[in-house]
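# An overview of the molecular structure
If you want the building blocks of each chain, they are given just below.
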Amino acid sequence: MANTTQKSQVKSSNKPSEPSHKARTFFSALLGTVAVYLILMSITVVWLNRTLTDTNTYVATVGPLVSKPEIQNYVADKVTDQILQNAPTVDLAKKLLPAKVVQLAPAPEQLKAALQPIIRQNVLQVVQSQQFAQLWQSTNQSAHAALVTQLNSNNVSAISLDLSPAITGVVAQLKTTQLKPIADQIKVKSDTGKLDIKNDKIKRIHYFYHLFKEGTIVLILLAILLAASAIWLSTHHGKTARRILFGVGILSLLQAAILAAPSYATISGTNAADQAAAKTIAQALFHNLQVASLVIGLVCIVIAIGWKLFAKFKH
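Everything in this summary refers to the structure shown in the same document. (Residues numbered from 1 in each chain as written. Predicted model: local features only at pLDDT ≥ 70, side-chain atom pairs only at ≥ 80, totals over all residues. Heavy atoms only, no water.)

## Describing the overall build of the chain
Looking only at helices and strands, the chain has 13 helices and two strands in total. Residues classed as buried in the chain amount to 31% of the 315 residues present. Considering only intrachain contacts with a sequence separation of at least 6, the fraction spanning at least 24 residues in the chain is 78%. When the accessible surface of the chain is summed, it comes to about 19500 Å², and 64% of that surface belongs to carbon and sulfur atoms. (Helix = DSSP H or I, 4+ residues; strand = E, 2+ residues; numbered from the N terminus. Buried < 20%, exposed > 50% of the residue type's maximum accessible area, 1.4 Å probe, protein only. Contact = heavy atoms within 4.5 Å. Areas by Shrake-Rupley, 256 points an atom, 1.4 Å probe, with all protein chains shown as cover.)

And the structure:
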């Protein structure tokens, strides 16, 4: 009789705690799920913040692009097209083609077809030179530093991005090639390579820029807070922590795989040179984030599995 009474007391004492455990488990799972996504967002936002706002990191990211064949070919193609469109075809032909070819007086399109490889080769020679690589680095360095200074100041009436030194530098270097006779005829407008933002858009840009920088810290703190709250609310702290680690690991590996996708994608409506350039730029911009996602994903999964095995063998 006494044993029956004790069992009934034990059962009655357990009943009130079941709803409490269920509620804790529900909110712990909810907070943990949100924390996993916020942690992944934090990784991405920290990378974006550093890449976009730190001049040295930005230059280290975009600087090496000038040495990539895909980018060099892309720039050479675009500059060649501009020269053929803006300079008089007959004048170009007289200065760059043999006299016999010009005397035959073929159609303008035929002259352009004959001029295209000559002009392109000379432009490519400039783009591949060490002088242009240095010019590209210095132009991006100064332009980005000036842009960040303007964004951090609330007292400017306009925001400018000036890449004109790289453009004028290319034209100047053409004088050292076979295109020297026509280099002086290439006129660069004063606003070429310059982007100016004025008026009401300035306030909006400043607002989003500061929101982005401040939001990064808030997002990281919120992710940590939610993860800690999820672990604290759970009935099995270690298991919840392992699940959060495993979730972050899986999503990080998924993000790394997604970031690798552009390398294998095909962009419809664009030629091969444009596609190669776009893929090269995407790879350069997202390389560090892809590597970070891969490393974080593997580390989180290894820790979660190792922790699980340790806890299993311990008991």
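Back to the write-up after that little detour.
## Overview of a positive patch on the surface
On the surface, a cluster of positive charge is contributed by Lys239, Arg243, Lys308 and Lys312. Secondary-structure elements contributing two or more residues to the positive patch are α12 (237–260) and α13 (272–314). (Patch = residues over 30% accessible without salt bridge, like charges linked within 9 Å, V, L, I, M, F, W, Y side chains within 5 Å. Salt bridge = Lys/Arg side-chain N within 4 Å of Asp/Glu carboxyl O. Lys, Arg positive; Asp, Glu negative; His and termini not counted. Charge placed at Lys NZ, Arg CZ, Asp CG, Glu CD.)

## A closer look at the packing of aromatic side chains
Summed over all chains, the structure comprises two aromatic pairs. Seen in terms of ring centroids, phenylalanine 26 and phenylalanine 27 are 5.2 Å apart; in terms of plane orientation they differ by 75°. Their pairing is edge-to-face. On the accessibility criterion, phenylalanine 26 (52% relative accessible area) is exposed. Taking the relative accessible area as the measure of exposure, phenylalanine 27 reaches 43% and is therefore partly exposed. One Lys or Arg, arginine 242, reaches over the ring of tryptophan 307 and ends 5.7 Å from the middle of that ring. (Phe/Tyr/Trp six-rings, centres within 6.5 Å; stacked < 30°, edge-to-face > 60°. Lys NZ or Arg CZ within 6 Å of the ring centre and 35° of its normal.)

## Topic: the packing of helix α3 (residues 55–62) against helix α8 (residues 130–152)
Contact pair α3 / α8: the axes reach a minimum separation of 9 Å and the direction vectors enclose 145°. You can see that α3 and α8 cross each other, and the crossing is right-handed. On α8, the residues that touch Thr55, Asn56, Tyr58, Val59 and Val62 of α3 are Trp136, Gln137, Asn140, Gln141, His144, Ala145 and Val148. Of the residues contributing to the contact of α3 with α8, the split by class is six nonpolar, six polar and no charged. (Axes fitted to C-alpha atoms, helices over the stretch in contact; angles between N-to-C directions. Left-handed = near helix turned anticlockwise from the far one by under 90°. Nonpolar A, V, L, I, M, F, W, Y, C, P; charged D, E, K, R; others polar.)

## A word on the environment of alanine 172
Structurally, alanine 172 is set in helix α9 (residues 164–173). Each C-alpha atom, one on alanine 172 and one on aspartate 184, is 8.7 Å from the other, the two residues being 12 residues apart in sequence.

## Looking at the packing of helix α5 (residues 89–96) against helix α7 (residues 108–127)
Packed helix pairs are specified by the crossing angle of their axes together with the interaxial distance, meaning the distance between the axes. Taken N-terminus to C-terminus, the directions of α5 and α7 make an angle of 50°; their axes are 10 Å apart at the nearest point. Viewed along their axes, α5 and α7 adopt a mutual orientation that is oblique. For the pair α5 and α7, the crossing hand works out as left-handed. Along the contact surface, α5 presents Thr89, Leu92, Ala93 and Leu96, while α7 presents Pro108, Leu111, Lys112, Leu115, Ile118 and Ile119. Grouping the amino acids of the contact of α5 with α7 by side-chain chemistry returns eight nonpolar, one polar and one charged. (Parallel < 35°, antiparallel > 145°, perpendicular 65-115°, else oblique.)

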